[in-house]
Structure formats: C-alpha cells, structure tokens
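# Coordinate inspection notes
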Amino acid sequence: MHLSIISRIKEDSRFSKKRCLTLIDDLESFKVLLDLGFGGLVKAIFVTPKFEKLQIIKHFKNVQVVSKQILAKILEIDNPSLCAIIDISDLINRINQLTYGDDLSKLRVCLVLDSIQNPWNLGGMFRNNSAFGVLDVILVGNCVFPYNPRVIRASKGYVFEQKIRMTNYQNLAEFIKTLINQGINYRAYFLQNRLECRDISTLDFHGLVNCTNFFILGNEEKGISRELYEIFKNYQEIRIDVRIDSLNVFATHSIICFLINQRLRI
C-alpha cells in the first residue's frame with residue numbers, strides 16, 4: 001500500500017467506509033488491537049526508523065519504514081511511531097446488524113448513544129466501557145463513524161472490543177417492538193440534567209438484574225432525540241445529582257458506567 005492512502009482515510013470517511021479501511025496512528029492503540037486478538041485485520045504498517053525493530057511488528061510482512069518527518073506530516077502529529085492500515089470489512093458488517101436474534105435481547109445493560117458527533121467523546125466512551133465492563137452499544141442517529149481514526153485513538157484501541165450496533169431510528173423501533181412481542185422485559189433510562197428528573201441514586205438497581213436495561217445519552221448540543229421518546233415507551237428520565245448545572249456527555253457517561261459496574265457487578 002502507498003502512503004497516500006493514509007491521507008485519504010483521514011480526510012474522507014466515505015472513502016474509509018467504501019474501502020472498509022481505517023488506520024491506527026499510535027503505538028498504544030496498536031498494542032491493544034493485538035492484545036484483543038485483532039492482528040489479522042492489519043493490512044500494512046508504516047513505521048519510523050526508531051521503531052522498525054519493535055518485536056510486535058516482526059511477524060508482519062507488509063511493513064514499510066518511512067522517515068519521521070514524512071509520517072508526521074501525513075498524520076499531522078508531532079512524534080509518530082507507526083501507522084497501521086486496518087481492514088474493517090467484517091466489523092462494518094457486524095455493526096450494521098440489529099435483529100431479535102442478537103444477544104442484545106439477553107443483556108442486562110446496553111448503552112444507546114444518540115447522534116454523538118465528537119470523535120473524542122465517542123472514543124473516550126468506548127475506553128470507559130471497556131474499563132467498567134459495559135461492552136454493548138447501540139449507535140443511533142447521526143453518530144460519528146465508530147472506526148474513525150480519531151475515535152480509535154481516543155479509545156486507545158478499545159473500540160475493537162465493543163459490541164457495536166449502528167442503526168437508524170426506524171430499525172431501532174422495529175427491534176424494540178420485537179422485544180416486546182417476544183415478551184422480553186426491558187427498561188429505558190434517559191439521562192437528562194433537569195432537576196425534576198429522578199436522581200439515579202434512588203434507582204433500585206437490584207430490580208434491573210432480570211431485564212434488559214437501556215441507558216440513553218443524547219447529542220452534545222441537542223440532547224436526546226424526540227424519536228427515541230417515541231421508540232422507548234417504558235422509560236424514566238434520570239439525572240446525576242452534582243453541584244454544577246450540567247455535565248458534558250462524556251463526563252455523564254463516565255459516572256453512569258461507574259454506577260452500573262458498582263451496582264450491578266457486571
């Protein structure tokens with residue numbers, strides 16, 4: 001592969017999706033990818049001379065050594081180590097599936113992220129998810145592409161551990177209807193910051209064990225979409241009791257993951 005493909009992937013998400021390729025541009029995320037058992041997705045590696053003798057890349061065949069200056073210019077970062085091109089064709093096929101047969105119907109906890117636009121927010125959420133053992137996620141609406149290079153970097157590679165489903169409001173509505181028709185018990189919790197919403201600390205977490213629980217967080221500016229209020233009929237609006245007027249979506253997500261882990265012992 002030629003270096004020019006790095007620029008195409010970084011600059012054009014449509015190109016990335018069409019070619020089913022993305023990139024990892026930092027060593028820590030690359031190590032996590034390998035630790036998670038996804039080394040087979042690596043199509044090519046571009047590495048600077050300082051890192052060409054890394055033990056972890058010795059068994060890869062398509063490794064090209066390039067100058068630090070060139071890689072820094074292409075990646076637009078100061079101290080690059082390597083850049084790995086990743087084949088995400090199988091991952092894309094998985095994230096586009098949301099059916100009743102999915103394990104989501106048997107889970108205790110699933111996060112629904114509505115139109116999260118900032119890749120650093122989304123990547124940070126994936127990293128939190130892995131830290132607290134909350135691995136099942138539905139991305140709905142106009143979310144940033146989960147395998148965007150910035151998302152991967154922010155997640156430190158843990159995006160590859162997530163069980164992601166990316167869908168639209170209509171398909172999600174059909175999925176929830178199917179759960180109901182099949183007698184699957186579920187609860188939905190909309191994270192809001194209004195005082196009239198229920199304080200999350202008053203929730204009976206013991207009552208969440210025997211059903212599927214959806215925790216919904218909304219867009220950074222607009223919050224939770226009207227469509228989701230129509231999809232999840234059985235919902236509660238909950239808030240986190242803090243001293244400031246509001247928390248950004250990433251901070252809220254961090255607290256929710258901590259509480260879920262501590263109370264439900266996932």
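Note that the structure is predicted; figures quoted are calculated from it, not measured. (Residues numbered from 1 in each chain as written. Predicted model: local features only at pLDDT ≥ 70, side-chain atom pairs only at ≥ 80, totals over all residues. Heavy atoms only, no water.)

Bringing the overall build of the protein chain into the picture now. Each helix and strand counted, the protein chain has ten helices and eleven strands in total. Considering the protein chain as a whole, with its 266 residues, one finds that 52% of them fall into the buried category. Counting only carbon and sulfur atoms, one obtains 46% of the accessible surface of the protein chain, whose full area is about 13400 Å². (Helix = DSSP H or I, 4+ residues; strand = E, 2+ residues; numbered from the N terminus. Buried < 20%, exposed > 50% of the residue type's maximum accessible area, 1.4 Å probe, protein only. Areas by Shrake-Rupley, 256 points an atom, 1.4 Å probe, with all protein chains shown as cover.)

What follows is about the sheet that holds strand β9 (residues 198-199). Ordered in space as β7-β6-β5-β10-β8-β11-β9, the seven strands form an open sheet in which the pairing is parallel. Since the sheet does not close on itself, it has two edges, and those belong to β7 (163-167) and β9, each with one partner. Summarising the sheet, β9 and strand β11 (residues 235-239) pair through two bridges and their orientation is parallel. Of the residues in β11, the one forming a bridge with Arg-198 is Ile-238. Of the strands in this sheet, β5 (109-114), β6 (136-140) and β7 touch helix α6 (residues 119-132), which is tilted by about 160° from β6. (Pairing = 2+ DSSP bridges. Contact = heavy atoms within 4.5 Å. Axes fitted to C-alpha atoms, helices over the stretch in contact; angles between N-to-C directions.)

This part is about the nonpolar core. If you look at the biggest cluster of nonpolar residues, it comprises 54 residues, and the most contacted ones within it are Phe-30, Ile-45, Ile-86, Leu-139, Tyr-147, Phe-160 and Phe-215. The greatest single-element share of this core, amounting to five residues, is contributed by helix α10 (residues 249-264). With residues near it in sequence (within four places) discarded, Ile-86 still touches Cys-20, Leu-21, Thr-22, Ile-24, Leu-33, Leu-41, Val-42, Lys-43 and Phe-160. Residues Cys-110, Phe-175, Phe-190 and Ile-224 belong to the second largest nonpolar core, which totals 19 residues. (Core = buried A, V, L, I, M, F, W, Y, C linked by side-chain atoms within 4.5 Å.)

Another aspect to go through is the sheet that holds strand β4 (residues 82-87). The strand order across the open sheet formed by four strands is β1-β4-β2-β3, and the pairing between neighbours is mixed. Every other strand in the sheet has two partners, leaving β1 (21-24) and β3 (63-65) as the edge strands with one partner each. Strand-to-strand twist across the sheet, computed as the mean angle between neighbouring axes with direction ignored, equals 20°. Strand direction decides the pairing type here: strand β2 (residues 42-47) and β3, joined by three bridges, are parallel. The residue of β3 that forms the bridge with Ile-45 is Val-63. Where helix α1 (residues 4-11) meets the sheet, it contacts β1, β2 and β4, and its direction lies at approximately 100° from that of β1.

What follows concerns unusual backbone geometry. Within the chain, Glu-76 stands out as a residue other than glycine whose phi angle is a positive 60°. Within the secondary structure, Glu-76 sits in the loop between α4 (68-75) and β4. Positive phi values are uncommon outside glycine, yet Ser-115 reaches one of about 55°. Here Ser-115 is to be found in the loop between β5 and α6. Relative accessible area serves as the criterion here: at 11%, Ser-115 is assigned to the buried category.

A pair can form between side chains of opposite charge whenever their charged atoms are brought close. Per the stated rule, a full pass over the model turns up five salt bridges. Note that Arg-14 and Asp-12 form a salt bridge whose closest N and O atoms lie 3.8 Å from each other. Asp-12 sits in the partly exposed class, given a relative accessible area of 23%. Notably, a salt bridge pairs Asp-26 with Lys-156, separated by 3.5 Å at the nearest N-O pair. In this pair, Asp-26 sits in the loop between β1 and α3 (27-35) while Lys-156 sits in the loop between α7 (149-155) and β7, placing the two residues 130 residues apart along the sequence. Residue classification places Asp-26 among the buried residues on the basis of a relative accessible area of 5%. Given the relative accessible area of 22%, Lys-156 is considered partly exposed. Each of Arg-226, Glu-227 and Glu-230 takes part in salt bridges that share partners, so that together they form one network. (Salt bridge = Lys/Arg side-chain N within 4 Å of Asp/Glu carboxyl O.)

Turning our attention to the packing of α1 against α4. The geometry of α1 relative to α4 is characterised by a closest axis approach of 9 Å and an angle of 25° between their N-to-C directions. Classed by the angle they form, the pair α1 and α4 counts as roughly parallel. The handedness of the crossing between α1 and α4 is right-handed. Here α1 contributes Ile-6, Ser-7 and Lys-10 to the contact with α4, which in turn contributes Leu-71, Ile-74 and Leu-75. (Parallel < 35°, antiparallel > 145°, perpendicular 65-115°, else oblique. Left-handed = near helix turned anticlockwise from the far one by under 90°.)

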